[in-house]
Amino acid sequence: MRPVTTVAGAAGLLALALLGGSSVAPAMSAPNAPVPNAPVPPPPAALRLISYDSCAEALAGLRAAATAVVGPWGFGQGWRRAVDFGAVPAGGAAVTGREDAAAPAYSGTNNHESGADEPDLVKTDGRRIVTVTRGVLRVVDPATRRESGRLDLAGAGRDRWWPDGELLLHGDRALVLVRSPVLRGGHVPAGPGEDTRPRLLLVDLVGPPRIIGTYRIEGGLLDARLTGSTARVVVRSEPLLSFRYDERATDAERTAANRAVIAKAGLDAWLPRYEWTADGVRHVGRVGCDRLSRPASSTGTALLTVLTFDLATGRLGDGDPVSIASDADLVYGTSGSLYLAGEAGPGPRRWDRPWRPEAVWTEIYQFDTGGPGHPRYVATGSVPGTPVNQYALSEWQGHLRVATTRETTRGTTSESAVHVLTRQDDRLAETGVVTGLGRGERIYSVRFLGGTGYVVTFRQTDPLYALDLTDPAAPRVTGELKISGWSSYLHPVSEGRLLGVGQEADGRGRALGLQVSLFDVHDPARPARLARYHLPESMSTVEYDPHAFLFDPTTGLLALPLDSGAIRLLTVNGGSITEVGTVNHGNDPALRSLLVGGELWIVSEAGLRVTDPATARTLGWLPLT
C-alpha cells in the first residue's frame, strides 16, 4: 500500500483584504446612444469579496444563504440566486513559430487572448502533435508522420474509464484535464465506490509518455488558462446535501425538511476535498475556510475554486486553492488577469416567487494573475443582463468591455448594450455604456479588437454593429449593417477585414444552412459585406466551439469542420471566399485541424489525416488504434 499523507485544511489566512464597497457609479451614456426601453434597476450593493473571520462564520453564512433559496425539490434550476448576507489583441489560430529553430511553423489553439492558452483536445509545438482521444494520449511526430508515443490514461479494473479530456502543453509536459470519467462501456460511473471527480494528469513527454502527477477534486471542471508555465484551473462544486422527496408531503413541508438538512450540515458539505499524488505518495486535503471568500450576496449553492499549478516544477502539489461562494460560470482570461462572471439578482430568487428577468445582472470578479502563485483578488463589478460567452468580455488598456443582453418587460422584449468598466480601488466601476443595441433581439456574437468592438444581434435579420471604444467615457456606435442570417463567431482575418461564421436565415429567422461572411470594416461608419459562402442544410462546429476554427493569415486558408463529419476548406483572399475542397472522414467526424510545416493535419477519434491545404488531397493517414 502507498503511504498516505494528510494535509490540514487551514494553512494561514489568505491575503484577501476586507474591502469597503459601494454601488457602481452611474453610467455615462455615449452621445447619440439609444435610450433603453425600460429603466435599469440599480446594481447589487456592496460588490466586493470578503474573507470570513472564522470557520464558524463561514458555516453560518453558507447555511443562511442556502436556506433562503432552497425549495421543496432542493436547489432546482432557477433558484440559485443571491441572498444578502447583511452583517453575517486578439488571439487566434495564426501560424506561429518556436524559438527552437529546428521546429517548423505551426498553428496554435484558437484562443480568445494571446498569452492565455486555453485547453483543447490537440496541441502542437511544431516538433510533436499531442492528442487525447478515447482515453489515450498519443504523441505524433509530424516529420515522419508516425506515432512516437502513447499512454493509456485509464486505470485498471472497476476504475477503468475513458476520459473526456483536454490538455495544456508546456515544454515537455502536458496537463490533461478530464472533465468526466466514462467507463469503457460508455457508462458514466455513479454507483457506490465509483469515482466521478474530475482529474488532472501531469504527463512527462520526454521518451515514452508517463504520468508524473495526478490531482482529483470534488466538483466539475469549468475552464482553465495557461500563462507561461502557470496553469490556473477553475472548478465549480455544489454542496453535498442529501435532500429526500416525500410525495405525501406538501411543498411547505418538503421545504422545511430540506432546510433542516441544511441546518445540520457541516462545512465539509460545502468545502471540496481533493487529493494528489507525487513520487508514489498520495496526499489528501480539503479547501480550508480561511481560503474561502464571499461577495456581499451569495446563494450557498455553489463554490468556485481556482487551482494554481506550475508545470515547470514537474509536480502538481495541492493546487494552492482559492474558493469563492459564487454561482459564476464564465471564465475569461488574459496574460495578466483572470475574470469569473456569473448571473445574479438584487435579492433571493425563491422557488415560490416569480423571477423578474429585467432584474438580472452579471457579477464579475477580477483577479491578478501576473505573478506566480494563486490569483490575487483585486476588484468586483456588475452590469445588467447576461453575456453570450467569454468573447463578450475584453480587457484593453486597463478597461474591461462587457457586452450583455437584458430581457425587459418580463421577458417579452430585450435589448443589448456594451459597458465599459474601469478599476477604482476594489470596484469595477462603469465609466461608459452604449445601450439600445438590437431591441427585441439578443446577442449572438461579439469581438473586441483594440479600441473597436463588433456586436451581432439577431431575431430575423443580422445587424452587425461597429463601435468606437477608444474613449472609455463615451463609447459609441459608428455603423450598422443589416443582412439575413447571423454570425455566431467573428474572427479578424486581416487589417480591416472581419470573418463571420454562422447561419443564413429566411425572413422569419429560420436557419437555412452554414453561412460564412467576409466583412469590410475599414470604414467604421459603413461596414459592408464583401463576400458570402453558403452551404445549405449544414452547420459548423465553429458556431458553438471556436477552438474548431482554423485560419492561416499567410495563405488565407480557412478550415471549417461540418456537422456531416467532413472538413470544408476555403480560402479568404482580398474580397473573396473560394472553395478549395472537402476532406471526408467517414463515420468518425473531424474534430480539429492544425498546420505544421505547411501540411494540414485533421484530427478525428479514428486517426490523423495529413492533407495538402492547397488541393484538399490526402497525403497520409495515421489511424489511432
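Here, every reference points to the structure presented above.
Quick caveat, the model's predicted, so the values are computed rather than measured.

1. Quick notes on unusual backbone geometry
Here comes step 1: You will see that R145, though not glycine, has its phi angle at about 60°, which is positive.
Here comes step 2: Look at R145 and you get partly exposed, because its relative accessible area is 31%.
Here comes step 3: Positive phi, normally seen in glycine, also occurs at D425, with a value near 60°.
Here comes step 4: Position of D425 among the secondary structure elements: in the loop between β28 (413-424) and β29 (427-437).

2. Topic: the state of the cysteines
Here comes step 1: Counted under the stated rule, the structure contains one disulfide.
Here comes step 2: Disulfide partner of C55: C289, at an S-S distance of 1.7 Å.
Here comes step 3: Residue C55 is classed as partly exposed on the basis of its relative accessible area of 38%.

3. Remarks on helix α2 (residues 251-264)
Here comes step 1: Between its first and last C-alpha atoms α2 spans 20 Å; for 14 residues at 1.5 Å apiece the expected length is 20 Å, and the two agree.
Here comes step 2: Those residues of α2 not exposed but buried are R254, T255, N258 and I262. Down the axis of α2, the buried side of the element spans an arc of 100°, and every buried residue falls inside it. Facing away from the buried side of α2, by more than 90 degrees, are the exposed residues A252 and K264.
Here comes step 3: In this structure, the buried residues of α2 make contact with α1 (55-69).

4. Digging into the sheet that holds strand β37 (residues 528-536)
Here comes step 1: Spatial strand order, β34-β35-β36-β37: four strands in an open sheet with antiparallel pairing. Every other strand in the sheet has two partners, leaving β34 (486-494) and β37 as the edge strands with one partner each. Between one strand and the next, the sheet's axes are offset by a mean angle of 20°, whatever the strand orientation.
Here comes step 2: The sheet contact formed by strand β35 (residues 497-505) and strand β36 (residues 511-520) spans nine bridges and is antiparallel. Paired with R497 across the bridge in β36 is D520.

5. As for the environment of R529
Here comes step 1: Checked against the element boundaries, R529 lands in strand β37.
Here comes step 2: By relative accessible area, which is 27% here, R529 ends up partly exposed.
Here comes step 3: Here the alpha-carbon distance between R529 and L481, two residues 48 residues apart in the chain, equals 8.3 Å.
Here comes step 4: If sequence neighbours within four positions are ignored, R529 has contacts with L481, I483, Q515, S517, L518 and F519.
Here comes step 5: There is a polar contact of 3.1 Å between the side chain of R529 and the side chain of S517.

6. Observations concerning the sheet that holds strand β20 (residues 303-310)
Here comes step 1: Within the open sheet, the six strands sit side by side as β2-β18-β21-β20-β15-β14. Their pairing is mixed. In the strand order of this sheet, the two ends are held by β2 (50-51) and β14 (220-227), each with one partner.
Here comes step 2: Bridge count between β14 and strand β15 (residues 230-237): seven bridges; the pairing is antiparallel. The partner of R225 across the bridge, within β15, is R232.

7. Considerations on the pairing of strand β44 (residues 607-612)
Here comes step 1: Across the six residues of β44, six count as buried, placing the element largely inside the fold.
Here comes step 2: On β44, burial covers both faces: G607, R609 and T611 on one face and L608, V610 and D612 on the other are all buried.
Here comes step 3: Bridge count between strand β43 (residues 599-604) and β44: four bridges; the pairing is antiparallel. Note on β44: the bridge partner recorded for L600 is T611.
Here comes step 4: In textbook terms, the turn of a hairpin is the stretch between consecutive antiparallel strands, and for β43 and β44 this stretch comprises two residues.

8. Examining the layout of surface pockets
Here comes step 1: Of the pockets and cavities examined, the second largest pocket occupies roughly 540 Å³.
Here comes step 2: Lining the second largest pocket are 25 residues, and of these N389, Q390, Y544, D545 and P546 lie nearest its centre.
Here comes step 3: Of all the elements in the fold, those that place two or more residues in the lining of the second largest pocket are β14, β22 (330-333), β30 (442-449) and β34.
Here comes step 4: Its residues placed into classes, the lining of the second largest pocket shows 12 nonpolar, five polar and eight charged.

Conventions adopted
Residues numbered from 1 in each chain as written. Predicted model: local features only at pLDDT ≥ 70, side-chain atom pairs only at ≥ 80, totals over all residues. Heavy atoms only, no water. Buried < 20%, exposed > 50% of the residue type's maximum accessible area, 1.4 Å probe, protein only. Helix = DSSP H or I, 4+ residues; strand = E, 2+ residues; numbered from the N terminus. Disulfide = S-S within 2.5 Å. Expected span 1.5 Å × (residues − 1). Arc of directions from axis to C-beta. Contact = heavy atoms within 4.5 Å. Pairing = 2+ DSSP bridges. Axes fitted to C-alpha atoms, helices over the stretch in contact; angles between N-to-C directions. Polar contact = N/O pair within 3.5 Å; in protein donor to acceptor, adjacent residues only side chain to side chain. 1 Å grid on protein atoms, 1.4 Å probe; cavity = no way out; pocket = protein on both sides within 12 Å on 5 of 7 lines; lining within 4 Å. Points joined across faces, edges and corners; volume = space filled by probe spheres on them. Nonpolar A, V, L, I, M, F, W, Y, C, P; charged D, E, K, R; others polar.

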